[in-house]
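Inside the fold
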Amino acid sequence: MIDDGRWVIKTSKTVEYEVVEAADLLNPENPELSGVPGQLAGTGPRLVILDQAIDGLCGGQIRHYFSARGSPADFLTLPTGDEHKTLDNVLQVTSRLNTLGTSRLSTPPIAIGGGVVQDVAGMAASLYRRGIPYIRVPTTLLGQIDGSVSAKNGVNYEGHRNRLGTFTPPPRTLIDRGFLATLPERQISSGLGEALKLALVKDPQLFAVLEKYGPYLVAERLQDSSPKTMTEQPGRITMHRAIAGMAKELQKNLWETDLQRIVDYGHTFSPFIEMKALPELLHGEAVAMDCVFSAILAKQRRLLSEADLYRVINTVESIGLRPSHPLFTDEQALTLALEETTHHRNNQQIITLLDGIGQTIFVNDLTQPEISAAACRMRDFIATETS
Ligand SMILES: NC(=O)c1ccc[n+]([C@@H]2O[C@H](COP(=O)([O-])OP(=O)(O)OC[C@H]3O[C@@H](n4cnc5c(N)ncnc54)[C@H](O)[C@@H]3O)[C@@H](O)[C@H]2O)c1
Ligand SMILES: [Zn+2]
């Protein structure tokens with residue numbers, strides 16, 4: 001073989017991780033929470049990273065779970081809200097992992113909390129010893145139906161959403177819908193914003209459930225507890241369809257080498273506006289407003305009927321959200337938002353537009369007059385809402 005001074009290293013790795021529905025997770029008789037995926041369970045202590053709200057609500061129960069099972073654990077509580085998705089908090093986690101001497105494989109930390117805690121803990125696990133496994137236990141609806149399937153983690157940086165982060169899925173994510181029983185209604189609605197996004201781009205059946213059961217889903221926090229919902233189980237269906245739909249989309253493009261992602265619907269204008277409005281808008285609220293704004297753009301191009309545009313808006317309202325933030329009527333902010341997203345998408349717009357409810361097309365030729373006209377329509381909606 002001739003040595004020409006060029007060496008190519010080529011390898012591949014199968015990535016497999018699971019999202020498991022697991023009710024009654026905090027019952028000490030249920031081994032799921034303290035389990036270690038694979039056959040590598042070690043004897044050292046586990047770091048359990050807690051969302052501050054979860055610590056307040058069930059910190060005692062969680063500590064009791066580990067002591068009752070004889071599973072050594074140390075606890076670290078993190079603040080939540082997007083303003084706390086910072087590198088400093090990532091380093092807090094890595095520092096505790098270091099103090100505990102967490103091993104490379106056999107004592108994976110466990111993150112119990114909303115999307116912020118998941119993103120911070122996930123990034124810390126991906127950096128510590130160049131990456132260790134961890135267990136994800138999302139406790140918000142957004143975390144359970146969206147973050148749960150994702151391979152991504154990250155923190156906000158220098159005013160940009162998720163500017164630093166990695167693609168490192170945890171081997172196991174445990175979903176206990178019971179956690180949602182204590183979640184504030186506003187957070188339930190925000191999570192349903194992501195379910196709505198998925199329904200609009202690919203799942204008319206899920207859209208029908210949201211359209212019909214929106215207020216029940218919010219009021220019952222997806223627990224299917226009233227006679228009206230017990231048999232039809234819209235909470236369970238919403239959860240299952242959203243997770244399955246997201247999993248199917250991500251699986252074929254996990255590393256996002258293809259930038260044409262229908263799951264980015266609702267995420268064209270919202271990232272910039274969400275950061276600009278911080279902490280006023282929750283993630284799912286901003287996403288739902290972007291869904292409406294983008295539906296207006298589709299209507300302007302005659303891809304969506306006026307009747308379907310109203311179905312979208314009515315469903316947004318029925319899940320407790322409103323297309324109400326003034327930045328979504330601000331042409332300048334919307335233009336800047338599109339510029340930033342275009343830059344992030346390798347200098348192409350790649351905007352997902354609805355082609356009817358449940359179908360999409362990608363466009364790269366959105367113009368300023370279209371944005372201005374849609375901003376104007378958005379202004380009308382907001383005026384009608386508030387009058
Ligand atoms: N990595 C990904 O792919 C991905 C996907 C979706 C969202 N995210 C990120 O997730 C974040 C949003 O997540 P979020 O909406 O869960 O916000 P969050 O983590 O801030 O949680 C919302 C609030 O609910 C509280 N809370 C959590 N669980 C609770 C419970 N069971 N009962 C009562 N209160 C509870 C939290 O303390 C917080 O105050 C954003 O930063 C977003 O970028 C990441
Ligand atoms: Zn999102």
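Residues numbered from 1 in each chain as written. Chains lettered and ligands numbered in written order. Predicted model: local features only at pLDDT ≥ 70, side-chain atom pairs only at ≥ 80, totals over all residues. Heavy atoms only, no water.

**What about the packing of aromatic side chains?**
Our working definition: For Phe, Tyr and Trp, rings pair up if their centres lie within 6.5 Å, where Trp contributes its six-membered ring, and each pair is then called stacked (planes under 30 degrees apart), edge-to-face (over 60) or tilted (otherwise). For the exposure calls, accessible area comes from a 1.4 Å probe over protein chains only, and a residue counts as buried if that area is under 20% of its type's maximum, exposed if over 50%, partly exposed in between. What counts as a helix is a DSSP run of H or I of at least four residues, what counts as a strand is a run of E of at least two, and both are numbered from the N terminus. In this scheme, Lys NZ or Arg CZ marks a charge over a ring once it lies within 6 Å of the ring centre and within 35 degrees of the ring normal.
Throughout the structure, instances matching the rule amount to seven aromatic pairs. Relative to phenylalanine 75, the ring of phenylalanine 66 lies with its centre 6.0 Å away and its plane at 75 degrees, an arrangement referred to as edge-to-face. On the accessibility criterion, phenylalanine 75 (17% relative accessible area) is buried. Relative to tryptophan 255, the ring of phenylalanine 167 has its centre 6.1 Å away and its plane inclined at 70 degrees; by these criteria the two rings are edge-to-face. Remark: tryptophan 255 occurs in the loop between α8 (234-251) and α9 (270-277) and phenylalanine 167 occurs in the loop between β7 (160-164) and β8 (172-175); sequence separation between them is 88 residues. A residue is classified by how much of its surface remains accessible, and phenylalanine 167, at 35% relative accessible area, is partly exposed. Judged by relative accessible area, which is 44%, tryptophan 255 ranks as partly exposed. The rings of Tyr65, Phe66 and Phe75 are connected pair by pair, giving a single aromatic cluster. The lysine or arginine in question, arginine 63, covers the ring of phenylalanine 75, its NZ or CZ lying 4.7 Å from the ring centre.

**Some thoughts on the domain arrangement of the protein**
Interface size, as often reported, equals the accessible area lost upon joining of the parts. Going by this rule: Note that the domain bounds reflect an automated or database-derived domain assignment. Here's the idea: put two parts together, see how much 1.4 Å probe accessible area each one loses, and the total over both is what we call buried area. Should a side-chain nitrogen of Lys or Arg be within 4 Å of a carboxyl oxygen of Asp or Glu, the pair is scored as a salt bridge. Any residue that is not Ala, Val, Leu, Ile, Met, Phe, Trp, Tyr, Cys, Pro, Asp, Glu, Lys or Arg is counted as polar, Gly included; the first ten are nonpolar and the last four charged.
When cut into domains, the protein gives domain 1 (18-182) and domain 2 (185-386). On a C-alpha basis, the centroid separation for the pair domain 1 and domain 2 is 28 Å. Here domain 1 meets domain 2 over a buried area of about 2,400 Å², counting both sides, of which 68% is carbon and sulfur. Three residues stand out in domain 1 for area buried against domain 2, namely Ile145, Arg161 and Arg177, and they jointly supply 29% of the buried area on that side. Across the domain 1-domain 2 interface, the total number found is three salt bridges. Residue arginine 177 is joined to aspartate 224 by a salt bridge in which the shortest nitrogen-to-oxygen separation is 3.3 Å. When contributions to the side of domain 1 that touches domain 2 are tallied by element, the ones reaching two or more residues are β1 (18-21), α4 (141-145) and β7. Among the elements that line the side of domain 1 that touches domain 2, the one with the most residues is α4, at four residues. Looking at the side of domain 1 that touches domain 2 residue by residue, the class counts come to 10 nonpolar, seven polar and seven charged.

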